[in-house]
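# A look at the structure
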Amino acid sequence: MDRTSGNASGAVALTGVNAMPAPTWSWLKMNDTAVEIPAGLTPAPAAVSVEPAPGSADVVSANADAFDDALVAAGKRFASRARASAPGDARDHVALAAGEVDPMDVPALSRYQQGAVRVEEELSVEEAFETGMGAEAYGYLRSIGERPCVLEVPSGASAQVRVRVSGTPGTASVASVDVIARRDSSLELTVALNGTGSEPGLIGAAMRVFAAAGSRVSITTVQTADDAFISLDDAGIFVDEGAHVEVSHTVLGAGRSYTGLAADLRGDAARIDVDTSYLGAREQVRDFNYQIRHLGRRTTSSMDANGVLAGASKKVLRGTIDLMHGCTGSEGAERETVLLADERVDNKTVPVILCDEDDVAGNHGATIGHVRPEQLFYLGCRGLSPEAAEALFISAKLEDAALNAPDDEVRANVIRLGETVIPGFGEEIA
Amino acid sequence: MAKKRSEVADIDRSLYDFTYGEEGFERLDAGLTPDIVREISERKEEPAWMLDFRLKSLEIYLKKSGPTWGPDISGLDMDNIVTYVKPNTDQRSDWESVPDDIKDTFERLGIPEAERSYLAGVGAQYDSELVYHNMQDTAAKMGIVYSGIEEALHEPKWEALIRERFMTLIPPTDHKFAALHGAVWSGGSFVYVPAGTKLDFPLQSYFRLNAKGAGQFEHTLIIVEDDADLHFIEGCSAPKYNVANLHAGAVELFVGRRAHLRYSTIENWSKNMYNLNTKRARVEEAGEIEWISGSFGSHVGYLYPMSILAGRRAKSSFTGITFAGAGQNLDTGCKVVLAAPETTATVETKGISKGGGIQTFRSSIVATPEATGSAATVSCSSLMLDADSRSDTIPAMDIRAKNVDIGHEATIGRIGDDKIFYLMSRGISEEEARTMIVNGFASPVSKELPLEYAVEMNNLIKLEMEGAVG
């Protein structure tokens, strides 16, 4: 269902974006977000380019149904694993209505818990599949992009592909990508989201990934847009038996940046590692939603976020490890480290563990703080003022992004952004 | 291969699950109307401002919607809840004059014995009214006031103070059940500890909800003035019925400069209870609030004691344990607002779920721009005792201050087979080994309780653990 609403001025208001699966108190204003997209943006499909590395050209497929077909086929394999019954499920409510059980013996599930039981008992793989930003935002992004680019890596093959989105003012440029990494294949996918100019524009990616048994998929996204841009980066990932997906998100630019990722670890021994690095400066907004759903046995997930917030920037990071019934032997870990480089920043973090299985391990940790007094003292002894010390951490974040940039073009974009935060940054790392 | 599990047996809660009739009791009609609110106020001969407050609260209640983020409360039909049940006695100050059935109830719960042994004062509420209240002469001579809040409201000396503070920390606009409380509150305690006064022995209030299909809405207001010190203990229980009962009490705590208040609670409501309780403390400069909280009963629980650290170097600590068994969905945790420089907060919680029970740890740490140099640490651990149970952890942090240091750690898992094996290899049965491990898991909470309450908590764990071998 597309609930996208356009208002009288032609602007688009997306609601329920990056919604946490299990919400918390509404007054904290963390559960989800609304995204206002200005009127008058023109879709610009030409701003999106797909660049297979030499020898990888044949992975660009014309089979538009490849992803859906793969998901349906997987669904048939996993149908037999549906949970037979759960406390508080629909069967219990039928028994309640018939007066067969004491109402006080049936747990009063929350909305999220009711939904989780439906995923465990009733929903097929394709019905349960979702992206991190939610159906409304995903539908909007897909409506902007042209036909999705389908990358289909044959069994046992390896490929490297780069997708570039180069936004310009007054346009909306979105890469729609379906990835199907067949059994024992490997894919390195780089997504470069960039936009330059001082007038509003939108850049984004809407990605679905099917990592078949034994496959290896690496996705590196670097976002380096100017402040006038909105960035929407949405992904849904299905991970089959023994497959391993690595995701790296580097968010440096855009006035408002929204990143969503949902992963379904359905196959046994499936694994996902998500590494996020972000920088917020001036009035920038950083909004993340990660949902990792463990359904297979012995599945593993890790989420590691590292960020620096400066100026009057705002950030929300929602990270959910969902250990569902039947995922015995699974482990999920989540960690965030945030450096607050200015007293005007607003940093919100909500690291969630949902657990419906006992034979699992889930843990998370967060460290939020400024440069410690002892660190400042150490640096002060070496002639650095507190302001210079904090600038050093920001510079380090940018330098790290520049040094690890996947190509020269991305590196140049990182340096361009670095100059807006730290004048002379380009010369510093040259 | 699937691990072998044995059935979880029913537990014996006869210590708490006993009832007496309501002969001679007065029950208002079920439901919630302005006339019922007026009648409650009239019976208590309240000042006019309180009736106005109640009626405004009722308006707010009728306009507000219920929570959408927590356990389902659609099974709670306010049209079927009796908001006021008056027992067949007035408040007494000696146990002998309390009617036999009510006295027997509290004796079985060990309250008079506790009073004789180690308490400086006791209040006992039965359904909607206090039936017993007493404080030792030594405490009274120190200038400490411990009385029913309604009794204090009729003292001109205290009415002004109560009016100034009543439902200012928990305004009726806060949430739907705070508004409900504002409309129909009844009973509860008022404590005033003068500046510089330190009470060596705790005060205790015990709340017993005996009536089927009724609500209990007691209000506790405690003021600990500058440099004073108090330990207050709250206990709650009820027999089990097959219809919903409701507890929507409110606790407001004011902790003065350099003052210290420890607030300990063992909530052991029956498993047909909707426990929608609200507790909040405001702490001034260098003051300290300590929350010790054990949540064992209830069909549904929403309980998040909140600390507002309003003065420089104010401190809060929250130590809590929640044990959810079959049919229970307990959503518990705490809230902290760091609202002044150099404030500190620590949160340590343990959650245990068993037999299909659900426990959720939910918290918020908010640092306002004024909280420069503040620090908070949150540590929560959850133990799953079987695969049918559920344990969720939803901590939120909103940090807007300079030079703050916020740490958060959480773990969820089950009892390791290696630990069970170790204990069994030394001749301990599996059930006993599991109970020992769970007691050890809960020890950060029990060690903070007075000995008698720690024993009660360990007994509750033992009751919950019976048959939990799997």
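This is a predicted model, so every value here is computed, not measured.

Parameters and conventions
Residues numbered from 1 in each chain as written. Chains lettered and ligands numbered in written order. Predicted model: local features only at pLDDT ≥ 70, side-chain atom pairs only at ≥ 80, totals over all residues. Helix = DSSP H or I, 4+ residues; strand = E, 2+ residues; numbered from the N terminus. Rg over C-alpha atoms; globule rule 2.2 N^0.38 Å. Contact = placed C-beta atoms within 7 Å. Buried ≥ 20, exposed ≤ 12 C-beta atoms within 10 Å, placed from the backbone. Axes fitted to C-alpha atoms, helices over the stretch in contact; angles between N-to-C directions. Parallel < 35°, antiparallel > 145°, perpendicular 65-115°, else oblique. Left-handed = near helix turned anticlockwise from the far one by under 90°. Nonpolar A, V, L, I, M, F, W, Y, C, P; charged D, E, K, R; others polar. Pairing = 2+ DSSP bridges. Arc of directions from axis to C-beta. pLDDT = per-residue confidence, 0-100. Domains from an automatic or database assignment. Core = buried A, V, L, I, M, F, W, Y, C linked by C-beta atoms within 7 Å.

Helices and strands together make up the secondary structure of chain B, namely 11 helices and 25 strands. Computed over its C-alpha atoms, the radius of gyration of chain B comes to 22 Å, within 12% of the 23 Å expected for a compact globule of 470 residues. A principal-axis box enclosing the C-alpha atoms of chain B has dimensions of 70 × 60 × 45 Å. Sequence separation of 24 or more characterises 83% of the internal contacts of chain B that already satisfy a separation of 6 or more.

Regarding its fold elements, chain A presents nine helices and 22 strands. Over its C-alpha atoms chain A spans a radius of gyration of 22 Å, differing by no more than 12% from the 22 Å that the globule rule assigns to 430 residues. Evaluated residue by residue, chain A yields a buried proportion of 54% over its 430 residues. By sequence separation, contacts in chain A at least 24 residues apart represent 83% of the contacts at least 6 residues apart.

Let's shift gears to the packing of helix 7 (residues 386–403) of chain A against helix 8 (residues 408–421) of chain A. Residue and element names in this part refer to chain A. Packing of helix 7 against helix 8 leaves a shortest axis separation of 9 Å and a crossing angle of 165°. The orientation of helix 7 with respect to helix 8, classified from their angle, is roughly antiparallel. In this structure, helix 7 crosses over helix 8, and the sense of that crossing is left-handed. In this structure, helix 7 contributes I394, L398, A401 and A402 to the contact, and helix 8 contributes R411, V414, I415, G418 and V421. A breakdown of the residues in the contact of helix 7 with helix 8 according to their chemical character gives seven nonpolar, one polar and one charged.

Each partner contributes to the interface: chain A provides 47 residues, whereas chain B provides 54 residues. Broken down by element, the side of chain A that touches chain B gets its largest block of residues, 10 residues, from strand 21 (residues 346–355) of chain A. For the side of chain A that touches chain B, the residue count by class is 23 nonpolar, 14 polar and 10 charged.

Once that is clear, we can look at the pairing of strand 10 (residues 186–195) of chain A. Regular strands show a simple pattern: their side chains alternate between the two faces of the sheet. Residues and elements named next belong to chain A. The element strand 10 is largely enclosed, with a buried count of eight among its 10 residues. As paired elements, strand 8 (residues 158–167) and strand 10 share 10 bridges and run parallel to each other. Looking at the pairing, G167 lines up with G195 of strand 10. Direction of pairing for strand 10 relative to strand 12 (residues 216–223): parallel, over a ladder of eight bridges. Considered in strand 12, the bridge of L189 is made with I219.

For the rest of this paragraph, the subject is helix 1 (residues 34–43) of chain B. Residues and elements named next belong to chain B. Within helix 1, burial applies to V37, I40 and S41. Looking straight down helix 1, one finds that the buried residues subtend no more than 95° of arc, so they occupy a single side. Seen from the buried face of helix 1, the exposed residues on the opposite side, beyond 90 degrees, are D35 and E42. Elements in contact with the buried residues of helix 1: helix 2 (48–63) and helix 8 (176–184). Two residues or fewer past helix 1, E45 is found with a positive phi of approximately 50°.

Attention shifts here to the confidence of the model for chain B. Summing up the model confidence of chain B, the mean pLDDT is 87 and the portion of residues at 70 or higher is 93%. This stretch, residues 1–11 of chain B, has a pLDDT under 50; its non-local contacts, to residues over four places away or in other chains, come to 15 contacts.

The next point concerns the domain arrangement of chain A. Looking at chain A, the domain boundaries give domain 1 (42–65 + 127–370), domain 2 (84–121) and domain 3 (371–430). Taking only C-alpha atoms into account, the centre of domain 2 of chain A sits 54 Å from that of domain 3 of chain A.

Residues and elements named next belong to chain B. Following both chains from N to C, one finds helix 9 (residues 417–424) and helix 10 (residues 430–446) inclined at 120°, their axes separated by 9 Å at the closest point. The orientation of helix 9 relative to helix 10 falls into the category oblique. Both helix 9 and helix 10 take part in a crossing whose hand is right-handed. Contacts from K419, I420, L423 and M424 in helix 9 reach E430, A433, R434, M436 and I437 in helix 10. Residues that form the contact of helix 9 with helix 10 fall into these classes: six nonpolar, no polar and three charged.

The next subject is the confidence of the model for chain A. Any region with low pLDDT has predicted coordinates that should not be read closely. The pLDDT averaged across chain A works out to 92; a share of 98% of its residues lies at or above 70. Segment residues 1–8 of chain A: pLDDT under 50, and 14 contacts once partners within four positions in sequence are set aside and those in other chains are kept.

Residue and element names in this part refer to chain B. Here strand 9 (residues 219–224) lies mainly inside the structure; six of its six residues are buried. Residues H219, L221 and I223 of strand 9 are buried on one face, and the alternating residues T220, I222 and V224, pointing to the opposite face, are buried as well. Here six bridges tie strand 9 to strand 12 (residues 250–255), and the two strands are oriented parallel to one another. Counted as the bridge partner of V224 is V255 from strand 12.

Further remarks concern the nonpolar core. Judged by nonpolar contacts, the single largest core of 265 residues is most densely connected at V179, F210 and A211 of chain A together with L338 of chain B. Among the elements that line this core, the one with the most residues is strand 11 (residues 201–211) of chain A, at eight residues. When near neighbours in sequence (up to four residues on either side) are disregarded, A211 of chain A contacts A181, V217, I237, F238, V239, D240, A243 and V245 of chain A.

Next up on the list: unusual backbone geometry. Residue and element names in this part refer to chain A. Here the phi dihedral of K29 falls at roughly 55°; this positive angle occurs in a residue that is not glycine. Within the element layout of this structure, K29 appears in the loop between strand 2 (12–17) and strand 3 (33–37). A count of 11 C-beta atoms within 10 Å places K29 in the exposed class. The residue R298 is not glycine, and still its phi comes out positive at about 55°. Of note, R298 is situated in the loop between strand 17 (285–294) and strand 18 (300–309). In this structure R298 comes out as partly exposed when scored by C-beta crowding, with 18 C-beta atoms within 10 Å.

The next subject is the environment of V338 of chain A. All names here are of chain A. Summarising the element assignment, V338 is placed in strand 20 (residues 331–340). The exposure class assigned to V338 is buried, which follows from the 25 C-beta atoms found within 10 Å. Considered as a pair, V338 and Y278 are 60 residues apart in the sequence and their alpha carbons are 9.4 Å apart. If we skip the residues at most four places from it in the chain, V338 touches G307, L309, N347 and I368.

Turning to the environment of V360 of chain A, a few remarks are in order. Topologically, V360 of chain A is positioned in the loop between strand 21 and strand 22 (361–369). Assessed through the 26 C-beta atoms surrounding it within 10 Å, V360 of chain A is described here as buried.

All names here are of chain A. The topology assignment puts D65 in the loop between strand 6 (60–61) and helix 1 (66–78). Residue classification places D65 among the exposed positions, given that 10 C-beta atoms sit within 10 Å. A sequence separation of 86 residues divides D65 from L151, and the C-alpha atoms of the two residues are 11 Å apart.

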